[in-house]
Amino acid sequence: DDLHGVEVRANTMTLGDRTLDIPAITDSIDAVQRDAGVEEKRLLGIAFSVPGVVDAGTGVVSQAPDLRWQESVPLRDLLEDLYAVPVTVDNDVNLMVIAEREEGGAVGVDDVIYLYLGRSGVGAGIISGGRLTQGGHGAAGEIGVIPLCVARGSVSGTRVEDRISGHTQRND
């Protein structure tokens, strides 16, 4: 976006069976910057939305199953070191609920729940009393990663989104 909030360029990548890694992220950032004609010294900041558990205070992504990240990733620090600009990292649905409150169907509403039912994930963005609710480690709205109770015949470690997602195989 430019300084007026108008999108200048965007880049979308399809991962398929690949894992999203830092080189792929930097290639995407570089492509947007190049296509927008923004010189390196004019880049003012980077915002990165992640489908997973993000501690927005630290920029650490602790869970991102859709990205196939198996360990915590200090994404903000990595990108700030590479680009020397401020970086914001937050959960994708948190950013969606903020957008709805700022310019969408929830303008001026102080209590909002934005429920996201995706092909491979389930999450919620929560605004209470006019403030985004993120939880202690950024997982307040991460409905999909909640483990289900182990019942006879169920697989240990099954999460809510493993059972209801259209993207994973069910064992009904």
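See the structure printed just above.
What counts and how
- Residues numbered from 1 in each chain as written.
- Predicted model: local features only at pLDDT ≥ 70, side-chain atom pairs only at ≥ 80, totals over all residues.
- Heavy atoms only, no water.
- Helix = DSSP H or I, 4+ residues; strand = E, 2+ residues; numbered from the N terminus.
- Buried < 20%, exposed > 50% of the residue type's maximum accessible area, 1.4 Å probe, protein only.
- Contact = heavy atoms within 4.5 Å.
- Areas by Shrake-Rupley, 256 points an atom, 1.4 Å probe, with all protein chains shown as cover.
- Patch = residues over 30% accessible without salt bridge, like charges linked within 9 Å, V, L, I, M, F, W, Y side chains within 5 Å.
- Salt bridge = Lys/Arg side-chain N within 4 Å of Asp/Glu carboxyl O.
- Lys, Arg positive; Asp, Glu negative; His and termini not counted.
- Charge placed at Lys NZ, Arg CZ, Asp CG, Glu CD.
- Pairing = 2+ DSSP bridges.
- 1 Å grid on protein atoms, 1.4 Å probe; cavity = no way out; pocket = protein on both sides within 12 Å on 5 of 7 lines; lining within 4 Å.
- Points joined across faces, edges and corners; volume = space filled by probe spheres on them.
- Nonpolar A, V, L, I, M, F, W, Y, C, P; charged D, E, K, R; others polar.
- Axes fitted to C-alpha atoms, helices over the stretch in contact; angles between N-to-C directions.
- Parallel < 35°, antiparallel > 145°, perpendicular 65-115°, else oblique.
- Left-handed = near helix turned anticlockwise from the far one by under 90°.

S.K.: In this structure, what is going on with the overall build of the protein chain? I would like to understand it.
M.R.: Each helix and strand counted, the protein chain has four helices and seven strands in total. Along the chain direction, N to C, the helices and strands of the protein chain fall in the order α-β-β-β-α-β-α-β-β-β-α. A total of 172 residues make up the protein chain; the buried ones form 31% of that total. Counting contacts in the protein chain only where the partners sit at least 6 residues apart, residues at least 24 apart contribute 46% of the total. Within the structure as shown, the protein chain displays about 11000 Å² of accessible surface, and the carbon and sulfur contribution to it stands at 50%.

S.K.: For this particular structure, what's the right way to read a nonpolar patch on the surface?
M.R.: Nonpolar side chains collect at one region of the surface, where I113, L115 and L117 lie side by side and expose about 350 Å² of accessible area between them. As for its placement among the helices and strands, I113 is situated in strand β5 (residues 112-117).

S.K.: I tried to follow the pattern of salt bridges on my own but got confused; where do I start?
M.R.: Should the charged atoms of two oppositely charged side chains come close, the side chains can pair. Summed over all chains, the structure comprises one salt bridge. Residues R101 and D110 are paired through a salt bridge, measuring 2.7 Å at the closest nitrogen-oxygen approach. Residue class for D110 comes out partly exposed when judged on its relative accessible area of 40%.

S.K.: It is not clear to me how a negative patch on the surface should be interpreted in this structure. Could you clarify?
M.R.: The grouping of D21, D27, D30 and E40 at the surface amounts to a negative patch. Its location among the elements puts D27 in helix α1 (residues 22-36).

S.K.: Whenever I open this one, the pairing of strand β1 (residues 46-50) confuses me. Can you help?
M.R.: Note on strand geometry: in a regular strand, side chains alternate between the two faces of the sheet. Judged by which residues are buried, β1 turns out to be one-sided: I46, F48 and V50 face inward and are buried, whereas A47 and S49, on the alternate face, are not. Summarising the sheet, β1 and strand β4 (residues 87-91) pair through five bridges and their orientation is parallel. Note on β4: the bridge partner recorded for F48 is V89.

S.K.: Hey, could you run me through empty space enclosed by the protein in this one?
M.R.: Space left empty within the atom packing is revealed by a probe, the size of a water molecule, rolled over the atoms. Taken as a whole and assessed by the stated rule, the structure comprises one cavity of 30 Å³ or more. Computed from the structure, the largest cavity encloses a volume of approximately 50 Å³. Lining the largest cavity we find N91, V93, N94, G123, A124, T133, Q134, G138, A140, G141 and E142. Those elements giving two or more residues to the lining of the largest cavity turn out to be α3 (92-103) and β6 (122-128). Classifying every residue of the lining of the largest cavity by side-chain character gives three nonpolar, seven polar and one charged.

S.K.: Explain the environment of I29 here, please?
M.R.: Within the secondary structure, I29 is located in helix α1. A sequence separation of 18 residues divides I29 from N11, and the C-alpha atoms of the two residues are 7.9 Å apart. The contact partners of I29, leaving out residues within four places of it in the chain, are I46, L79 and Y83.

S.K.: Help me understand the environment of T19 in this model?
M.R.: By the element assignment, T19 lies in the segment before α1. In sequence terms T19 and W69 are 50 residues apart; their C-alpha atoms lie 7.3 Å from each other. What T19 contacts, discounting residues up to four positions off in sequence, is L67, R68 and W69.

S.K.: Would you mind showing me how to read the packing of α1 against helix α2 (residues 75-83) here?
M.R.: In a packed pair of helices, the relevant descriptors are the angle between the two axes and the axis-to-axis distance. Interaxial distance between α1 and α2 falls to 12 Å at its minimum, and their mutual angle equals 50°. The pairing of α1 with α2 is recorded here as oblique in orientation. The element α1 and its partner α2 pack so that their crossing is right-handed. Note on element contacts: α2 touches α1 through L75, L78, L79, L82 and Y83, opposite I22, I25, T26, I29, D30 and Q33. Here the residues of the contact of α1 with α2 are counted per class, giving eight nonpolar, two polar and one charged.

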